[in-house]
Amino acid sequence: MIDGTIGMQDIRNQFPILDTEVHGHPLVYLDNAATTQKPVAVIEALDKYYRCGNANIHRGAHHLAAEATEAYENVRRQVQALIGARHSHEIVFTRGTTESINLVASSFAKRYFTGEDEVIVSGMEHHSNIVPWQLAGATMRPVPFSDDGVLDFKAMEQLFSPRTRLVAVCHASNTLGTINPIKEIVDMAHSHGVPVLVDGAQAVSHMKVDVQALGCDFYCFSGHKMYGPMGVGVMYGREELLNELPPYQGGGEMISEVTFERTTYNELPFKFEAGTPSVGDVIGLGKAIEFMLGVGIDNIAAQEGDLLHYATERLTALPGMRFFGRAPHKTSVLSFLVGTSHPYDVGTLLDQMGIAVRTGHHCTQPVMDRYGIPGTVRASFAVYNTRAEVDALAAALERIMPMLE
Ligand code: PLP
């Protein structure tokens, strides 16, 4: 029971894929940090859009175009409300977190980089929050973290220099689960006059996010990690900063006037939305937000917190387990190794029992280097997971242990 009104079975019933069998076993899907499954409302919204509502947005005079435009712009307002943005035009739709960060890195560098530019990142960033800055020409200044996966604030303070252009940090680590103290990070960066980009890919589906309360300048996330479709994401930016940045891509919709001599740009947010967006996916994202709000974000956090606690307890009791990421504030991610076994072997054997986990470096190679390991096995939980599934994982690990020796 999630709370007095919504039962776990009601929630699971909304996810048809959870009834799937894999290798003759009921699917136990514990790869939610990679992507969450989709509720019926999202699947049906996509189906309905392509059956009855497909049209290109903004420019059309006809009925379908007007309806699609309204539905698309409505989701912008839903996202604004979800993350507490001041204006809906601060919400830019992208393909996902990766594109959102590339957008900011490219435009921000054009506007503010001088040739000697440093970006402070946490040592636990996803490659998506490292490589775009390197491509933009920045030198990375990583903030170290403790064995438990907690950022070293004293060390961070030392990294600021006159060349620091931006702090780019994940709200929650996809490998360690650590929830970083974004407000404190923003306060520190702003006291040095440096703006902050937050990679919220692993946060938005797990906790209440309020970009104004956090005070961050940019906040990026992906629809597919929050029960929505693949192919849609969000870049939130503070209006004042977005007005300063040049466009990311050129094309239709982002212009005000084009001649062969000169182009002027459209107002926010359209300046950053060149070309035809993924309208159906944006509409699906709106349904995902409705799903999350229907369950209640506090209820989601409570359910996932319980699973994390229970799984940590169950798996710690097994022999030879090593865990990575024991910060006091964590999302529902459990990274581990079984003795000296390669994570891929563990993942493959678990798959034979219907259990889906992720193995490898999780696009965080610097984290693996920090611990001197090639990768981990990662179980990550969503609101539809159950203690029984944690039991299944623990039992399967116990069963495969002799095979791994
Ligand atoms: N940042 C973090 C922390 C992630 O976990 C991920 C995906 O795993 C990304 C960025 C990239 O997200 P996407 O592949 O949806 O663009």
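This text gives an overview of the structure that appears in the document. (Residues numbered from 1 in each chain as written. Predicted model: local features only at pLDDT ≥ 70, side-chain atom pairs only at ≥ 80, totals over all residues. Heavy atoms only, no water.)

Description of the nonpolar core
Val-79, Ile-83, Phe-93, Val-167, Tyr-219 and Tyr-227 are the most contacted members of the largest nonpolar core, which has 75 residues in total. Here this core gets nine residues from one element, more than from any other, and that element is helix α10 (residues 279–295). Counting 29 residues, the second-largest nonpolar core is a separate cluster that includes Leu-30, Phe-323, Phe-381 and Ala-396. (Core = buried A, V, L, I, M, F, W, Y, C linked by side-chain atoms within 4.5 Å. Buried < 20%, exposed > 50% of the residue type's maximum accessible area, 1.4 Å probe, protein only. Helix = DSSP H or I, 4+ residues; strand = E, 2+ residues; numbered from the N terminus.)

Some points on the pattern of salt bridges
One pass over the full model with this rule turns up 19 salt bridges. In this structure, Arg-165 engages Asp-117 in a salt bridge whose closest nitrogen and oxygen atoms are separated by 2.6 Å. In this pair, Arg-165 is assigned in strand β7 (residues 164–170) and Asp-117 in the loop between α4 (97–112) and β5 (118–122), connecting sequence segments 48 residues apart. On the accessibility criterion, Asp-117 (4% relative accessible area) is buried. Between Asp-298 and Lys-208 there is a salt bridge whose closest N-O contact spans 3.2 Å. With a gap of 90 residues between them, Asp-298 in helix α11 (residues 297–316) and Lys-208 in the loop between β8 (196–199) and α8 (211–214) connect regions that are remote in the sequence. Here the salt bridges share partners, and the residues they tie into one network are Asp-31, Arg-358 and Arg-378. (Salt bridge = Lys/Arg side-chain N within 4 Å of Asp/Glu carboxyl O.)

Quick look at the packing of α10 against α11
At a minimum axis separation of 5 Å, α10 and α11 run at an interaxial angle of 75°. The orientation of α10 relative to α11 falls into the category roughly perpendicular. Of the residues in α11, those touching α10 at Met-292, Leu-293 and Val-295 are Ile-297, Asn-299 and Ile-300. Each residue belonging to the contact of α10 with α11 can be placed in one class, and the counts come to five nonpolar, one polar and no charged. (Axes fitted to C-alpha atoms, helices over the stretch in contact; angles between N-to-C directions. Parallel < 35°, antiparallel > 145°, perpendicular 65-115°, else oblique. Contact = heavy atoms within 4.5 Å. Nonpolar A, V, L, I, M, F, W, Y, C, P; charged D, E, K, R; others polar.)

Description of the site of the ligand
Taken together, Gly-96, Thr-97, Thr-98, His-126, Ser-128, Asn-174, Asp-199, Ala-201, Gln-202, Ser-222, His-224 and Lys-225 form the complete shell of residues around the ligand. Here an oxygen atom of the ligand sits 3.4 Å away from a polar atom, N or O, in the main chain of Thr-97. Measuring from an oxygen atom of the ligand, one finds a side-chain N or O atom of Thr-98 at 2.6 Å. Burial of the ligand by the surrounding chains reaches 85%, relative to a free accessible area of 390 Å². At a threshold of 2 Å from the grid points, most atoms of the ligand map onto the second largest pocket. The residue makeup of the shell around the ligand, split by class, is one nonpolar, nine polar and two charged. (Near = heavy atom within 4 Å. Polar contact = N/O pair within 3.5 Å; in protein donor to acceptor, adjacent residues only side chain to side chain. Areas by Shrake-Rupley, 256 points an atom, 1.4 Å probe, with all protein chains shown as cover. 1 Å grid on protein atoms, 1.4 Å probe; cavity = no way out; pocket = protein on both sides within 12 Å on 5 of 7 lines; lining within 4 Å. Sits in = over half its atoms within 2 Å of the grid points.)

Let's talk about unusual backbone geometry
Omega for the bond connecting Leu-268 with Pro-269 falls within 30 degrees of zero, at 0°, which places this linkage in the cis form. Among the structural elements, Pro-269 can be located in the loop between β12 (263–265) and α10. Although it is not a glycine, His-362 adopts a positive phi angle of roughly 55°. Within the element layout of this structure, His-362 appears in the loop between β16 (358–360) and α13 (365–371). You can call His-362 buried: its relative accessible area is 7%.

Quick word on the side chain of Thr-36
The topology assignment puts Thr-36 in the loop between β3 (28–29) and α2 (40–53). At 2.7 Å, the side chain of Thr-36 and the backbone nitrogen of Tyr-227 are in polar contact. The contacts of Thr-36, once residues within four sequence positions are left out, are His-224, Lys-225, Met-226, Tyr-227 and Tyr-384.

Quick notes on empty space enclosed by the protein
This model, assessed by the stated rule, comprises two cavities of 30 Å³ or more. By volume, the largest cavity is sized at about 60 Å³. Looking at the second largest cavity, its volume works out to about 30 Å³. Looking at the lining of the second largest cavity residue by residue, the class counts come to six nonpolar, no polar and one charged. (Points joined across faces, edges and corners; volume = space filled by probe spheres on them.)

Digging into the layout of surface pockets
For the largest pocket, the calculated volume is near 400 Å³. The wall of the largest pocket is formed by 15 residues, among which Ala-45, Lys-48, Ala-71, Ile-283 and Lys-287 lie closest to the centre. Secondary-structure elements contributing two or more residues to the lining of the largest pocket are α2, α3 (63–83) and α10. By residue number, the principal contributor to the lining of the largest pocket is α3, which donates six residues. Across the lining of the largest pocket, the residue classes break down as seven nonpolar, four polar and four charged. Reported here for the second largest pocket is a volume of approximately 350 Å³. Taken together, 23 residues make up the lining of the second largest pocket; nearest its centre are His-126, Ser-128, Ala-201, Gln-202 and Lys-225. Residues that form the lining of the second largest pocket fall into these classes: seven nonpolar, 11 polar and five charged.

Points about α4
Over its 16 residues, α4 extends 22 Å from the first C-alpha to the last, a length consistent with the 22 Å expected when each residue adds 1.5 Å. Residues of α4 that are buried: Thr-97, Glu-99, Ser-100, Ile-101, Leu-103, Val-104, Ala-105, Ser-107, Phe-108 and Ala-109. (Expected span 1.5 Å × (residues − 1).)

Section: the packing of aromatic side chains
Counted according to the given criterion, the structure contains 14 aromatic pairs. Note on Phe-108 and Tyr-112: the rings are 4.8 Å apart at their centroids and 45° apart in plane angle, and the pair reads as tilted. One end of the pair is Phe-108 and the other is Tyr-112, both in helix α4 and four residues apart, which spans about a single turn. On the basis of relative accessible area, Tyr-112 is assigned to the partly exposed category, the value being 26%. Here the aromatic cluster, defined as three or more aromatic residues joined through ring pairs, consists of Phe-15, Tyr-227, Phe-291 and Tyr-384. Across from the ring centre of Tyr-371, 5.2 Å away, lies the NZ or CZ of Arg-370, which sits over that ring. Across from the ring centre of Tyr-310, 4.3 Å away, lies the NZ or CZ of Arg-387, which sits over that ring. (Phe/Tyr/Trp six-rings, centres within 6.5 Å; stacked < 30°, edge-to-face > 60°. Lys NZ or Arg CZ within 6 Å of the ring centre and 35° of its normal.)

What is shown is where atoms sit, not what they do.
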